[in-house]
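Inside the fold
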Amino acid sequence: MDDPFDLSQVSAYSDWRARKLRAYPAEIADLRVPVGRLDQPTPGERAALKTRIETFNMALVAVDPAEIQTEALLSFTRALGLQRTDSNLFADASAVSHIAATRRNPGDAGRAGTAPEPPGGVNLREFIPYTDKPLSWHTDGYYNTEDEQVGAWCLFCVRAARDGGENGLIDHEMAYLRLRDESPRHIAALSHPQALSIPAHSLDGRTLRAESVGPVFSVRNGHLHMRYSARARHVLWRDTPATRAARGALDRLFSRPDVFTFRYRLRPGEGLVSNNVLHCRSGFDDDEDPAKARLLYRIRFLDRVALD
Ligand SMILES: [Fe+2]
């Protein structure tokens, strides 16, 4: 069977590569799909989303800001075939995480809305997503276990920051393509089952999250999956010359124009849906008033987007 992600199948890869590159260069406007009712995307809107996601592994959804409610968001993602949510430490009962910078003053409700309190003793400010600091390149859930890898996520903007908070986005298939073109050995090294380890997260002798060991690139049900964090701390790379070379190539990728990085600052009413593409976030300057501060809703799924 043709498998472009099999290193021995040179012609399957070359066909896939040609198809992939045909869509580029592309702009953020090419990802944009206006949606009328978030809870009930029409067949036309679903078809437009399908094309974007099949081509780029992501789409930019634009709705009336008033549409962005937890229940409508969950109906929307269900319509995209996203059923199994990944609940993390900070998500509420419906697995929706409220991403906002945590205020210095604990009485200040920086995390507006219904987001739950984190487990006892966990300080949200130790987690960069919940600060106003830049967030380096990663895919979501890289610290999850092998069978709970994140296939897709959505990120919807309720309120933007006063300044900054821009996302960088790279289709992980494009990252794979450039690395494989540079050297198939990079792909082999990054596909090793012990390529990247994330140590367990323990607090006062309790394990909040077990150690996660796995490849960067893997193929799941015929689809390429990427598990990655550019963080220097709390990550452990396999210690071989081939892994170091592949890591170096990956690092360089983020400043290469030919991976076609999309850069975009979500406005209220806009959201990204993606098959867990590579992404980062710039730091931001927020409003002092928590009711006006940046607030995004995020849901992660174990499934990939499946639109028919
Ligand atoms: Fe993320």
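Heads up: these notes are all about the structure in this document. Being a predicted model, the structure only gives us computed values, none of them experimental.

Right, let's get into the overall build of the protein chain. From N to C terminus, the protein chain includes six helices and 19 strands. The C-alpha radius of gyration of the protein chain comes to 19 Å, within 12% of the 19 Å expected for a compact globule of 308 residues. Projected onto the principal axes, the alpha-carbon positions of the protein chain cover approximately 55 × 50 × 30 Å. Considering only intrachain contacts with a sequence separation of at least 6, the fraction spanning at least 24 residues in the protein chain is 80%. Accessible surface, the protein chain as shown: approximately 14,200 Å² in total, 49% of it carbon and sulfur. The average position of the 41 basic charges and that of the 41 acidic charges among the side chains of the protein chain differ by 3 Å.

Counting buried positions over the five residues of strand E16 (residues 270-274) gives five, a clear majority of the element. Of the two faces of E16, the one lined by Glu270, Leu272 and Ser274 and the one lined by Gly271 and Val273 are each fully buried. For strand E2 (residues 58-62) and E16, the ladder comprises five bridges, and the chain directions are antiparallel. For valine 61, the partnering residue across the bridge sits in E16 and is glycine 271. Across four bridges, the pairing between strand E5 (residues 152-159) and E16 is antiparallel. From the neighbouring strand, phenylalanine 156 faces E16, where its bridge partner is glycine 271.

Moving on, we come to helix H4 (residues 172-182). Counted residue by residue, H4 has nine buried out of 11 residues, so it is predominantly covered. At the N-terminal boundary of H4, the capping side chain belongs to aspartate 171, with an oxygen 2.9 Å from the backbone nitrogen of glutamate 173.

Another point: the sheet that holds strand E11 (residues 212-214). Here three strands make up an open sheet; going across it, the order is E11-E8-E14 and the pairing antiparallel. For this open sheet the edge positions go to E11 and strand E14 (236-237), each flanked by a neighbour on one side alone. Where strand E8 (residues 196-198) and E14 come together, two bridges link them in antiparallel fashion. Note on E14: the bridge partner recorded for serine 197 is leucine 236.

If you walk across this open sheet you meet the four strands as E4-E17-E7-E15, and the pairing is antiparallel. Whereas interior strands pair on both sides, the edge strands pair on one side only; in this sheet they are strand E4 (135-138) and strand E15 (262-264). Averaged over neighbouring strand pairs, the angle between their axes works out to 15° when direction is ignored. Bridge count for strand E7 (residues 167-170) against strand E17 (residues 278-281) is four bridges, and the pairing is antiparallel. By the bridge assignment for E17, leucine 169 is matched with histidine 279.

This next bit is on the packing of H4 against helix H6 (residues 241-253). Where H4 meets H6, the axes come as close as 10 Å, and the angle between the chain directions of the two elements is 130°. For the element pair H4 / H6, the angle class is oblique. The two elements H4 and H6 cross, and the hand of that crossing is right-handed. For the pair H4 and H6, the contacting residues are Ala175, Arg178, Leu179 and Glu182 in the first and Ala249, Leu250, Arg252 and Leu253 in the second. Partitioning the contact of H4 with H6 into residue classes produces five nonpolar, no polar and three charged.

What counts and how
Within any chain, residue numbers begin from 1 and follow the written order of that chain's sequence. Only residues with pLDDT of at least 70 are given local features in this predicted model, and only at 80 or more are side-chain atom pairs given and counted; all residues enter the totals for whole chains, interfaces and linings. To obtain the side-chain values, all non-hydrogen atoms of the structure were used and water was disregarded. Strands here mean DSSP runs of E at least two residues long; helices mean DSSP runs of H or I at least four residues long; both are numbered from the N terminus. Taken over C-alpha atoms, the radius of gyration is set against a globule rule of 2.2 Å times the number of residues to the power 0.38. Two residues qualify as a contact provided that any one of their heavy atoms is within 4.5 Å of a heavy atom in the partner residue. Per-residue and other accessible areas follow the Shrake-Rupley method at a 1.4 Å probe size, with only the shown protein chains counted as cover for residues. Residues scored as charged are limited to Lys and Arg (positive) and Asp and Glu (negative), so that His and the chain ends carry no count. Just so you know, the charge point we use is NZ for Lys, CZ for Arg, CG for Asp and CD for Glu. Only protein chains enter the accessibility calculation, which uses a 1.4 Å probe; a residue whose area is less than 20% of its type maximum is buried, one above 50% is exposed, and one in between is partly exposed. In this description, strands pair whenever DSSP reports at least two bridges between them. Identification of polar contacts relies on pairs of N or O atoms within 3.5 Å, with a donor-acceptor requirement for protein atoms, meaning one able to donate a hydrogen and the other able to accept it, and with residues adjacent in sequence counted only if both atoms are side-chain atoms. The axes used here are C-alpha line fits, helices contributing only the stretch in contact, and every angle between their N-to-C directions lies in the interval 0 to 180 degrees. Small angles under 35 degrees read as roughly parallel and large ones over 145 as roughly antiparallel, with 65 to 115 read as roughly perpendicular and the rest as oblique. Left-handed is the label given to a crossing in which the near helix is rotated counterclockwise from the far helix by less than a right angle, and right-handed is the label when the rotation is clockwise. Here the term charged refers only to Asp, Glu, Lys and Arg, the term nonpolar to Ala, Val, Leu, Ile, Met, Phe, Trp, Tyr, Cys and Pro, and the term polar to all other amino acids, Gly among them.

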